[in-house]
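# Structural overview
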There are 2 protein chains.
Amino acid sequence: MKLKMMYSFLNSDLNVIEKALEETMQAESPLLHHASLHLLQAGGKRLRPVFVLLAGKFGEYDINKIKNVAVSLELIHMASLVHDDVIDDAELRRGQLTIKAKWDNRIAMYTGDYLFARALEVLSAIEKPIAHQILANTLVELCIGEIEQIKDKFNYDQSVRTYFRRIKRKTAILIAVSCQLGAIAAHVEDEIHNKLYKIGYYIGMSYQIIDDVLDFMATEKELGKPAGGDLQQGNITLPVLFAMEDKKVRDEIIKVNEHTTAQELGKVLAIIKESDAIDRSLIISDQYLQKALTLIEELPQNRARNTLRDIAKTIGKRKF
Amino acid sequence: MKLKMMYSFLNSDLNVIEKALEETMQAESPLLHHASLHLLQAGGKRLRPVFVLLAGKFGEYDINKIKNVAVSLELIHMASLVHDDVIDDAELRRGQLTIKAKWDNRIAMYTGDYLFARALEVLSAIEKPIAHQILANTLVELCIGEIEQIKDKFNYDQSVRTYFRRIKRKTAILIAVSCQLGAIAAHVEDEIHNKLYKIGYYIGMSYQIIDDVLDFMATEKELGKPAGGDLQQGNITLPVLFAMEDKKVRDEIIKVNEHTTAQELGKVLAIIKESDAIDRSLIISDQYLQKALTLIEELPQNRARNTLRDIAKTIGKRKF
């Protein structure tokens, strides 16, 4: 079953969120409006809103309140992608020109800033101080994650632990917080919203590891950007760390940089794919998923719980 | 009397804020720590914290609470300077290398993001939803201001109104909100904190106009960066708009760009200085100050009111 089918019962609420996102893009500045809209129209899975809504189903679900959390977190996700593309010097994202490619780095920087600011503005409708504290902490962690990612680029001596810490900050926290804030906005009791946080965290870790594996396994068409991009940009991911345990493979990997031709890159990708690095990465991803699934069983029984379970299982098998 | 002497009775509280700023810079990431600390040590007038504290004096002043507002707003000011330097491609600020010059644009972007995030984190200690709403709105306005500034660069057909709207967003709002949030954190009644907002706004407008005048009148040593930098970077300020009313002067001004030599730039600066553009700008700045002074007289009588009056008057006469 496809991901989108699993949460089709959320469709009308997701449409509300999509409209709210569009309205948020109605910037007074035409340039900001165009840049943000370009980003919105490039699509995306809207995974964070889905987690927000599902978590809200464990409490007093009110779409008019909870949509603020969903929109806010999706905006933060989009903002971080825009700034990410500046760092990675990326031309394409989801098969579309990135903002930095279509305009320039400066516009991308401020479009990101603007989306961040809008995210805060939208969340400020939730009058619970704890929600703002959680979001602020999350943003701090996101930034540390991004700057560590710059620092760790082309650093072949980093440990697996460094990688885990980085993807926690880069991906897992925002999914965890989507679950937590969705629950908080719906007045879910502490014990359950903390559990939802952990479920989001484990799913996020699993998701990012698979994302990093797919950068080797999927085609350019599936990815919406060239395969092997992470390696070429010096983003040392889990499969690379595992593959480098073989000294010969390591020697090949450290030769790769932005000037490597597609043909040379293809050879290195093939070596990594032939090694056990991909399988070992998938096993780790699966371990995170199992942790998520165990916790999901401890949640109160309802439709959202079943959907969380289905989503977790599908993420473990996704191809792109 | 020098600005700093006027609020010397705030010195011990300003030291508390300086220490809190330093503690905030203790980032887990060494790179972020160094970059932020570099910025902190470059100094600055800490004007926003001064306004926060003064506004707090109209209510239940508690330094342990109000310091969160002061630190938060100074961090936002610093963050916006860092992103500003990326846009302006600035090498120097306050006589020190900018972060983008000492490291690079990407580090500057994330250092700014980090400071923004820290600012929110610090403010989240204030458990008043209205405070977060005000700050979020302010950030949205700041971003729109920055992006409009990019768009308005080298646009010689912009109106004085466009200029006013831009400096409102760029400078005046943050000073206005410093006053307002300082008052809100001290439980000052609505009528007075709205008045304080307006006072901050008028002072901010006056302040920025003078800043723009000083870019022509002050020496490089006084500015901590080369004179005429605004003009060379295409930032069309009030003196330029006035000077361009003379067709011949306009023809000279529109020739200036980033490749203009210091000698050629000096000639154009001299033409502007000889025109009535500087005096007319100073008159407008003074009109804003008078509005601030009128409102200051309507505040409850206390030491902070006298200090606000002194600061407003000094800003109108400052040389750099």
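About the cut-offs
Residues numbered from 1 in each chain as written. Chains lettered and ligands numbered in written order. Predicted model: local features only at pLDDT ≥ 70, side-chain atom pairs only at ≥ 80, totals over all residues. Heavy atoms only, no water. UniProt positions renumbered as here; feature names shortened; annotations may be inferred. Helix = DSSP H or I, 4+ residues; strand = E, 2+ residues; numbered from the N terminus. Rg over C-alpha atoms; globule rule 2.2 N^0.38 Å. Buried < 20%, exposed > 50% of the residue type's maximum accessible area, 1.4 Å probe, protein only. Contact = heavy atoms within 4.5 Å. Least-squares fit on C-alpha atoms with pLDDT ≥ 70 in both. Salt bridge = Lys/Arg side-chain N within 4 Å of Asp/Glu carboxyl O. Polar contact = N/O pair within 3.5 Å; in protein donor to acceptor, adjacent residues only side chain to side chain.

Going by what an unreviewed UniProt entry lists, chain A is known as Heptaprenyl diphosphate synthase component 2 and is assigned to Cytobacillus horneckiae. UniProt, in its Catalytic activity (unreviewed entry) section for chain A, records the words "4 isopentenyl diphosphate + (2E,6E)-farnesyl diphosphate = all-trans-heptaprenyl diphosphate + 4 diphosphate".

Before going further, it helps to spend a moment on the overall build of chain A. What chain A contains, in helices and strands, is 17 helices and 2 strands. In summary, chain A has a C-alpha radius of gyration of 19 Å against a globular reference of 20 Å for 320 residues, a match within 12%. On the principal axes, the C-alpha backbone points of chain A span a range of 55 × 50 × 35 Å. Across the 320 residues of chain A, 61% fall into the buried class. A fraction of 75% describes how many contacts in chain A between residues 6 or more apart in sequence connect residues 24 or more apart.

By a simple turn and slide, chain B fits onto chain A: the slide is 0.0 Å along the axis, the RMSD is 0.0 Å, and the turn is 180°. Look at the turn and shift together and you get a two-fold axis relating the two. By residue overlap, the copies meet face to face through one surface: 100% of the interface positions of chain B are interface positions in chain A.

With that settled, the discussion passes to the pattern of salt bridges. Scanning the model with the defined rule gives 28 salt bridges over all chains in all. The salt bridge involving B:Glu121 is made with B:Arg118; its shortest N-O contact spans 2.5 Å. A residue pair is termed a helical-turn pair when its members lie 3 or 4 positions apart in one helix, as B:Glu121 and B:Arg118 do in helix α7 (residues 105-123) at 3 residues. Among the ionic pairs, B:Arg305 bridges to B:Glu297, the shortest N-O distance being 4.0 Å. By sharing partners, the salt bridges in this structure join A:Glu18, A:Arg46 and A:Glu74 into a single network.

What follows concerns the side chain of A:Asp113. Mapped onto the fold, A:Asp113 is located in helix α7 (residues 105-123). On the basis of relative accessibility, which here comes to 4%, the residue A:Asp113 falls in the buried class. Within the local environment of A:Asp113, its side chain forms a polar contact with the side chain of A:His83, the two groups lying 3.5 Å apart. In this structure A:Asp113 touches A:His83, B:His83, B:Asp113, B:Phe116 and B:Cys143, once residues within four positions along its chain are discounted.

This part is about unusual backbone geometry. Residues and elements named next belong to chain B. The phi dihedral of Arg46 falls on the positive side, at around 50°, and the residue is not glycine. For Arg46, the position within the fold is in the loop between α3 (30-41) and α4 (47-56). Judged by its relative accessible area of 8%, Arg46 is buried. A positive phi angle is found at Phe154, which is not glycine, with a value near 55°. With respect to the helices, strands and loops of the structure, Phe154 is situated in the loop between α8 (129-152) and α9 (160-185).

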